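Okay, here's what each chain looks like letter by letter:
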Amino acid sequence: MVFKSKIKWIALLVLTLSLGSLVVHLSLTKFSSMNLVQYSAKDALSHDFPNVGSPGARNKRLWGAARSLESLQPYANPRNSYPAPNDNNNNGFIYAKVFGGFEKIRSSICDLVVISRLLNATLVIPEIQESTRSKGISYKFKSFSYLYDEEQFIASLKNDVNVAKSLPEYLKAARRRNEFPSFKPQNSASPNFYIKEILPKLKKAKVVGLIITDGGCLQSILPTSMSEFQRLRCRVAFHSLQFRPEIQILGRRMVERLRASGQPFLAYHPGLVRDTLAYHGCAELFQDVHTELIQYRRAQMIKQGIINEELSVDSHLRRENGSCPLMPEEVGLLLRAMGYPSKTIIYLAGSQIFGGQRLLIPLRALFGNLVDRTSLCSKTELSDLVGPEIPLPPDVFQLPHPKSEEQVKEEWNRAGPRPRPLPPPPDRPIYQHEKEGWYAWITETDKEPNPSPMDLRMQAHRLIWDALDYIVSVEADAFFPGFNNDGSGWPDFSGLVMGQRLYERASSRIYRPDRKTIAALFNVTRDDMYHPKRNWTLSAKEHLNRSLSADGLIRQSLLSKPTSFLSHPLPECSCRISSVETTKQIKGKDGRFLCGGEEECPKWMQSAGADRVINDDTESAEDDNDVVEQLEPDRADITSSLTSLIDHDEEWDPND
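Note that the coordinates shown come from a computational prediction; the quantities given were computed from them, not determined experimentally.

Caption draft 1: Local environment of the nonpolar core. Within the largest apolar cluster, 87 residues are counted, with the highest numbers of intra-cluster contacts made by Phe102, Leu119, Tyr148, Phe153, Phe243, Ile247 and Tyr347. For this core, the element with the most residues is helix α18 (residues 453-475), which contributes ten residues. The residues touching Tyr347, leaving out its near neighbours within four places in the chain, are Met254, Leu258, Phe265, Leu266, Ala267, Tyr268, Val371, Asp372, Arg373, Leu376, Asp469 and Val472. Counting residues in hydrophobic clusters, the runner-up holds 47 residues, among them Leu277, Ile307, Leu333 and Met338.

As structure tokens, this is what we get:
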């Protein structure tokens, strides 16, 4: 009996200790969870840079301006006789429907203003189709005012064109009955097309409609005699097209938060867009479902006549030709080769990155301070921009109804005479977690469904997110494009950012990498990218430094200006300070200036601009060798020389 009672006491003691241990653990868990905080990019930046608010030491070799371009100043004012629009000679109204994303909308509106001036017509505020009420946007906004400041747009163009908010009442009914002629011009339409084809019908009907789908409706390069129209494009893009105040306030707030640590930051736009990747055939550079999605879109483009190529192409060969984007991992390695430390603040622009967050993992590993709008802004700040919206029914996935026992027996009886093979196993059901994301349709069907109401609303939201990214990218201390000048003929986000930065301050740090040269560099060290040899790092650094200078500017002009004037608004929208050393004048094959053909700035600009340039020269006199001024050698020579040099060099870590 005594032995049994001891066992009972021991068991009771063990049970008591276990219960006490459980209570202690639960208490610790409760109190420790109260101290958990959500990750905040602002807190992370303040941790890496504790001297918040004080300007840190800035490395001129990484953040300094391109001194060879400091003589260029923004100047888009009319040069010659430029009469204001006359209501007495007005030929009628032009209304337009603009399709496409952020960059296509911005470029198209600039062309519409120029055409209205050319035809002496009144421009009705363009209708942005991505942000109409049918897309489920907030009732507070109309189409144009969802993104831009309508009053500012009208007031700033009063000396250029007449702008009306809508057609007069006596013309609205006729438009609803489709009584007015409408046109769908291409982005390469010439001024003669509008004067000979559209102007007579405008004078007759007093109203014409334009449907714009290609990101523009007027050719990029105009005759020299039409330079004033090019300057009008600049005034529209860089002065009149201001985002609505709420977007501007939050955009400036994001820039302030990035600069709060006292450190400069770099903006990077990957340019990974599904349509562009499908156009160039870059499917094999991705994996799994993303490859199928690109190929599906490419097949659609072939049917529509947008592409006159085969469906399956060698993506790696396209990449070597410079037709595919630089991957985020490659951009990270290039920035490390330039000497950017791992704590560098990088702002990731782009409302949609095709390929998802998986592609950004290597870049985040190289640069821990990689932030975007979601990490700089709260959910409340972002939701306030879109305004109050009507709740939409969720896209609830429902499993197919199971067959009843009678249906199963009926199918079995209709199966035919015995003996028969066993029926195939039933299809595996697709569950809710497999339908997450906009690409879920590919798990069920071979045909892409029409966008749901929620998809249409998200497309409208992306216009606002792109606007925020645009503000931050223009204000960044340096900008690196992942995919621009792609040759598709469509305007791209990076090109518009680079054009505005070039207009506002031509010497701002804008990287203009040649993707073909970069591909050749990575092919040399593809097997050991994270520990390249010393000569590889020097070659990559030399190429990027050259892209910052006048050499990179000339190449940018040759590639981007024929497609989008706003990506290279020089020399029409700039002037040069005569007291500062200028670059040599270089003309293209068509006789137009590629560099150095700017007029001298007015006297009121000369002194202010020269003083600022002299101050910059004094601060960065020791950095004369930051930019390589020599012309770029032939790409074939680069590849061969790189191979011979790098193969006989020892390994060198870029962090050394």
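Caption draft 2: Spatial organisation of the pairing of strand β7 (residues 207-212). Burial analysis of β7 places five of its six residues in the buried class, the great majority of the element. When strand β2 (residues 93-98) meets β7, the two strands line up parallel, connected through six bridges. Pairing of Ala96 across the sheet is with Leu210, part of β7. Examined bridge by bridge, strand β6 (residues 182-183) and β7 share two bridges and lie parallel to one another. Within the sheet, the bridge partner assigned to Ser182 lies in β7 and is Gly209. Handedness of the crossover joining β6 and β7 through helix α7 (residues 191-205): right-handed.

Caption draft 3: Looking closely at the packing of helix α4 (residues 102-118) against helix α8 (residues 227-240). Look at α4 against α8: their axes get within 9 Å of each other, and the N-to-C directions meet at 135°. Viewed along their axes, α4 and α8 adopt a mutual orientation that is oblique. For α4 against α8, the interelement crossing comes out right-handed. From α4, Arg106, Cys110, Asp111, Val113, Val114, Arg117 and Leu118 reach across to α8, where they touch Phe229, Leu232, Arg233, Val236 and Ala237. Along the lines of polarity and charge, the residues of the contact of α4 with α8 split into eight nonpolar, no polar and four charged.

Caption draft 4: Seen up close, the sheet that holds strand β8 (residues 265-269). With parallel pairing, the five strands of this open sheet are ordered in space as β10-β9-β8-β11-β12. Each of the sheet's edge strands pairs with one partner strand only, and the pair in question is β10 (370-371) and β12 (509-510). Both β8 and strand β11 (residues 478-481) contribute to a ladder of four bridges, which runs parallel. Within β11, the residue paired with His269 across the bridge is Pro481. The strands that α18 touches are β8, β9 (345-348) and β11; relative to β8, the one it contacts most, it runs at about 130°.

Caption draft 5: A look at the environment of Ala460. Following the sequence through the fold, Ala460 ends up in helix α18. The class for Ala460 is buried, based on a relative accessible area of 0%. Once residues lying within four places of it in the same chain are set aside, the contact partners of Ala460 are Glu130, Ser131, Ile137 and Tyr146.

Caption draft 6: Highlighting the confidence of the model for the protein chain. Considering every residue of the protein chain, the mean pLDDT works out to 82; 79% of them sit at 70 or more. Scored below 50 in pLDDT, residues 33-39 shows one contact in the model against residues more than four places distant or in partner chains. Throughout residues 618-656 the model reports pLDDT below 50, and contacts reaching past four residues in sequence, or to other chains, amount to 69 contacts.

Caption draft 7: A look at the state of the cysteines. Within this structure, the stated rule accounts for three disulfides. Put simply, Cys234 and Cys573 are joined by a disulfide, and their sulfur atoms are 1.9 Å apart. Sign of the S-S torsion, about 90° for the bond between Cys234 and Cys573, identifies this disulfide as right-handed. With Cys234 in helix α8 and Cys573 in the loop between α22 (550-560) and β13 (574-576), the pair connects residues that are 339 residues apart, well separated along the chain.

Caption draft 8: Up close: the pattern of salt bridges. In this structure the tally under the stated criterion is 22 salt bridges. Asp160 is the partner of Arg235 in a salt bridge, and the nearest nitrogen-oxygen pair spans 2.9 Å. Of this pair, Arg235 sits in helix α8 while Asp160 sits in the loop between α5 (150-156) and β5 (163-164), and the two are 75 residues apart along the sequence. Across this residue pair, the class does not change: Arg235 and Asp160 are buried. A salt bridge links Glu309 to Arg318, with the nearest nitrogen and oxygen atoms 3.1 Å apart. Of the residues examined, Glu309 reaches a relative accessible area of 35% and is grouped as partly exposed. Several salt bridges converge on common partners, so that one network encompasses Arg253, Arg257 and Glu381.

Caption draft 9: Representation of the side chain of Gln129 within the structure. In this fold, Gln129 is placed in the loop between β4 (127-128) and α5. The buried category is assigned to Gln129, whose relative accessible area is 13%. In this structure the side chain of Gln129 is engaged in a polar contact, spanning 3.3 Å, whose partner is the backbone oxygen of Glu127. Ignoring sequence-local partners within four residues, the contact set of Gln129 consists of Lys97, Val98, Phe99, Lys135 and Ser143.

Caption draft 10: Representation of the sheet that holds strand β1 (residues 72-74) in the model. Strands sit in the order β1-β13-β16 across an open sheet of three strands; the sheet is mixed. Strands at the two margins of the open sheet, each flanked by one partner only, are β1 and β16 (599-600). The pairing of β1 with β13 spans three bridges and is classified as antiparallel. What sits directly across from Pro74, in β13, is Ser574.

Caption draft 11: Inspection of helix α9 (residues 245-259) at higher detail. Between its first and last C-alpha atoms α9 spans 21 Å; for 15 residues at 1.5 Å apiece the expected length is 21 Å, and the two agree. Inspection of α9 places Ile247, Gln248, Leu250, Gly251, Met254, Val255, Arg257 and Leu258 among the buried residues, and these make up the whole buried set.

Caption draft 12: Spotlight on the environment of Val386. Checked against the element boundaries, Val386 lands in helix α16 (residues 379-386). According to the relative accessible area criterion, Val386 is buried, its value standing at 7%. The sequence separation of Val386 and Arg457 amounts to 71 residues, and the corresponding C-alpha distance is 10.0 Å.

Caption draft 13: A look at helix α21 (residues 534-548). Under the 1.5 Å per step criterion, the end-to-end length of α21 is 22 Å for 15 residues, consistent within 8% with the ideal 21 Å. Among the residues of α21, Trp536, Thr537, Ser539, Ala540, His543, Leu544, Asn545, Arg546, Ser547 and Leu548 are the ones counted as buried.

Caption draft 14: Quick peek at the packing of aromatic side chains. If you walk through the whole model with that rule in mind, you get 16 aromatic pairs. Centroid distance Phe193 to Tyr194: 5.2 Å. Interplanar angle 80°. Geometry classified as edge-to-face. Its relative accessible area of 28% is what places Phe193 among the partly exposed residues. On the accessibility criterion, Tyr194 (0% relative accessible area) is buried. Note on Phe286 and Phe354: the rings are 5.7 Å apart at their centroids and 75° apart in plane angle, and the pair reads as edge-to-face. In this pair, Phe286 sits in the loop between α10 (274-280) and α11 (289-304) while Phe354 sits in the loop between β9 and α14 (361-366), placing the two residues 68 residues apart along the sequence. Cation over ring: Lys104 sits above Trp490, and NZ or CZ is 4.9 Å from the ring centre.

What counts as what
Residues numbered from 1 in each chain as written. Predicted model: local features only at pLDDT ≥ 70, side-chain atom pairs only at ≥ 80, totals over all residues. Heavy atoms only, no water. Core = buried A, V, L, I, M, F, W, Y, C linked by side-chain atoms within 4.5 Å. Buried < 20%, exposed > 50% of the residue type's maximum accessible area, 1.4 Å probe, protein only. Helix = DSSP H or I, 4+ residues; strand = E, 2+ residues; numbered from the N terminus. Contact = heavy atoms within 4.5 Å. Pairing = 2+ DSSP bridges. Right-handed = clockwise from strand over helix to strand, strands pointing away. Axes fitted to C-alpha atoms, helices over the stretch in contact; angles between N-to-C directions. Parallel < 35°, antiparallel > 145°, perpendicular 65-115°, else oblique. Left-handed = near helix turned anticlockwise from the far one by under 90°. Nonpolar A, V, L, I, M, F, W, Y, C, P; charged D, E, K, R; others polar. pLDDT = per-residue confidence, 0-100. Disulfide = S-S within 2.5 Å. Salt bridge = Lys/Arg side-chain N within 4 Å of Asp/Glu carboxyl O. Polar contact = N/O pair within 3.5 Å; in protein donor to acceptor, adjacent residues only side chain to side chain. Expected span 1.5 Å × (residues − 1). Phe/Tyr/Trp six-rings, centres within 6.5 Å; stacked < 30°, edge-to-face > 60°. Lys NZ or Arg CZ within 6 Å of the ring centre and 35° of its normal.

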